[in-house]
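Residue-level structural notes
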Amino acid sequence: MARFQVRSGRRRGIYGIPCLQSRLQVAVIIIIVFIISVSIKILQPEFSSDTRIESLNLGDSIKHNAMPDGNLVVNHIDFAPQEVHLDIDGPMNIAQRTENARDKLIEKYRVNISTSKHSLQSLWSTAADWVQAREILPERATELGAILHAMATAPITAVDVGYKGTQLKLSMELQDKQSVVFKPMWYKRDFIIQGEPYAGRDRHNAEVAAFHLSRILGLRRVPLAVGRKVNLKQEVIPVASQALLNTFYKDNNNTCFYGKCYYCRPTEGVCAEGEVMEGTVILWLPAKFILNTTHHPWARKYRANVRAKWETDDNYCKAVKQLPLYKTHDYRLLDIIDTAIFDYLIGNADRHHYETFSNVDKGMLVILDNGKSFGNPFQDERSILAPLYQCCIVRYSTRENLRILQESLLSSVLREVLRSDPIYPVLTDSHFEALDRRVATVLQEIETCISTNGLNSIILDDR
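Residues numbered from 1 in each chain as written. Predicted model: local features only at pLDDT ≥ 70, side-chain atom pairs only at ≥ 80, totals over all residues. Heavy atoms only, no water.

**Observations concerning the overall build of the protein**
Short version of the rule: Per the convention used, a helix needs a DSSP run of H or I reaching at least four residues, while a strand needs a run of E reaching at least two, with both numbered from the N terminus. Relative accessibility thresholds used throughout: buried, under 20% of the residue-type maximum; exposed, over 50%; partly exposed, between the two (1.4 Å probe, protein chains only). Residue contacts follow a heavy-atom distance rule, with two residues in contact if any of their heavy atoms lie within 4.5 Å. With residues, only the protein chains shown are counted as cover, and all accessible areas are computed by Shrake-Rupley using a 1.4 Å probe.
Summing up its helical and strand segments, the protein has 15 helices and 15 strands in all. Counting the 463 residues in the protein, one finds 48% classified as buried. Considering only residue pairs separated by 6 or more positions, the protein has 70% of its internal contacts joining residues 24 or more positions apart. For the protein, the accessible surface area stands at approximately 23,700 Å², while carbon and sulfur atoms represent 52% of it.

Here it is, written out as structure tokens:
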């Protein structure tokens, strides 16, 4: 067996270090480096400090740095009233981050629909004061729960046939002279509307879901809506106009009426269960705001075998941009695209006209009449997105809100927010699944535009 021989004149390394000592030091260094490397791997979170994550404009301050490809590095998100840091260097996995984001969003948008110490008149005044040129309610509407509760329970003092339109509705006045619209229930929750994407009657529950969805998306342009069950015999008939009373009738033991509208027929009335009718109450906008109705440039023809120009011309948006209305009001086209995204998510293909505030500067496109939504959760009508994929522009905030709400976060938050409504459950599981699927589609359409035209020409500052 070979043996090491130690000589009196020890052999020295190239740096003057004894050879054996040199080898020991090298071994120690290697071990230390290995330990440090393993420690870093263990302690390193799944998202490193430069991880690019989707950010959400929650209406709170988001502190971020833009990356060259348009993604964001989020340092932290400020949630008023107390500051909560989202430290991406902390030991938190993807599931934990998603759960934390979900909990924060639910906490922010959940509404406690309950009584208030304020009078009805005070609540109606608060709701009216909320309405501004670019929003119907503020992001942090502290009295929202009390106002929705008042809408769902306040005594009804007058009822008449609904304002002009194609669908059956009632005009109501609640105590202290607050005007509202009542849309009755035609379908059970799980009924699926077949045929054209704009087929069927209004879905009353769609108005409730659309209102809360608009809040979560940061598009606070949908009027306040809440479910309500009314006793027709006790609450409506005693205060109804003669014009409405003339349309009431009995079907077996159920009280029914057919009202007055373009499609209203004596043979096609809506019936309560006995005397109790479920529906949705929608708050009327303040009289000081004058609504102007404009033909939607992406309206459908609603006739068999007749297609609108936008359905055959891929360059249609260029012509729209040259119209005086959209040349002088560039924010209006972005409003239309916001609304198209919103309508696609809820499945509303019936936006043939739109309303804006005509007596204020930069009046928003008010997202009214969402009853033709949530009809078929298995039909994703891409043509609703035509303003987006033909114009290939979108607001920065709209895109960012969608990015954080992808991967089932939107449905998870909306599901919890809707639990407090008096007519819960508002939507079926299939509709929640459709929302998440459609969010992914919208984001893919935006990415397609970016890959074709470049980020800077697609993502525009809010205006």
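**Considering the packing of aromatic side chains**
How two aromatic rings sit relative to each other is given by the distance of their centres and the angle of their planes. Selection rule: Ring pairs are drawn from Phe, Tyr and Trp, using the six-membered ring of Trp, whenever the two centres fall within 6.5 Å, and their geometry is named by plane angle: stacked under 30 degrees, edge-to-face over 60, tilted for the rest. Either the NZ atom of lysine or the CZ atom of arginine qualifies as a charge over a ring when it sits within 6 Å of the ring centre and within 35 degrees of the ring normal.
Summed over all chains, the structure comprises 6 aromatic pairs. A centroid spacing of 4.5 Å and a plane angle of 25° characterise the contact between Phe289 and Phe357, whose relative ring orientation is stacked. In this pair, Phe289 is assigned in the loop between strand S10 (276-283) and strand S11 (291-295) and Phe357 in strand S12 (residues 353-357), connecting sequence segments 68 residues apart. Across the pair, exposure class does not vary: Phe289 and Phe357 are buried alike. If you follow Arg201 out to its NZ or CZ, it ends over the ring of Trp186, 4.2 Å from the centre. The ring centre of Tyr389 lies 3.9 Å from the NZ or CZ of Arg382, which sits over that ring.

**Things to note about the pattern of salt bridges**
Convention followed: Here, a salt bridge means any Lys or Arg side-chain nitrogen found within 4 Å of an Asp or Glu carboxyl oxygen.
Inspection of the entire model under this criterion finds 29 salt bridges. A salt bridge links Arg351 to Asp343, with the shortest nitrogen-to-oxygen separation between them at 2.7 Å. One salt bridge connects Glu447 with Arg399, and the closest N-O pair in it is separated by 3.0 Å. Within this pair, whereas Glu447 is found in helix H14 (residues 429-453), its partner Arg399 is found in helix H12 (residues 396-404), the two being separated by 48 residues in sequence.

**Quick word on unusual backbone geometry**
Outside of glycine, negative phi angles account for most residues, and trans bonds account for most peptide bonds. Cis geometry is adopted by the peptide bond preceding Pro425, which originates at Tyr424 and carries an omega value of 0°. Topologically, Pro425 is positioned in the loop between helix H13 (409-417) and H14. The backbone phi angle of Asn252 is positive, close to 60°, even though this residue is not glycine. Position of Asn252 among the secondary structure elements: in the loop between strand S7 (248-251) and strand S8 (254-257). Positioned with a positive phi, Cys392 is a non-glycine residue whose angle comes to about 55°. Checked against the element boundaries, Cys392 lands in the loop between helix H11 (386-391) and strand S14 (394-395). Judged by its relative accessible area of 12%, Cys392 falls in the buried class.

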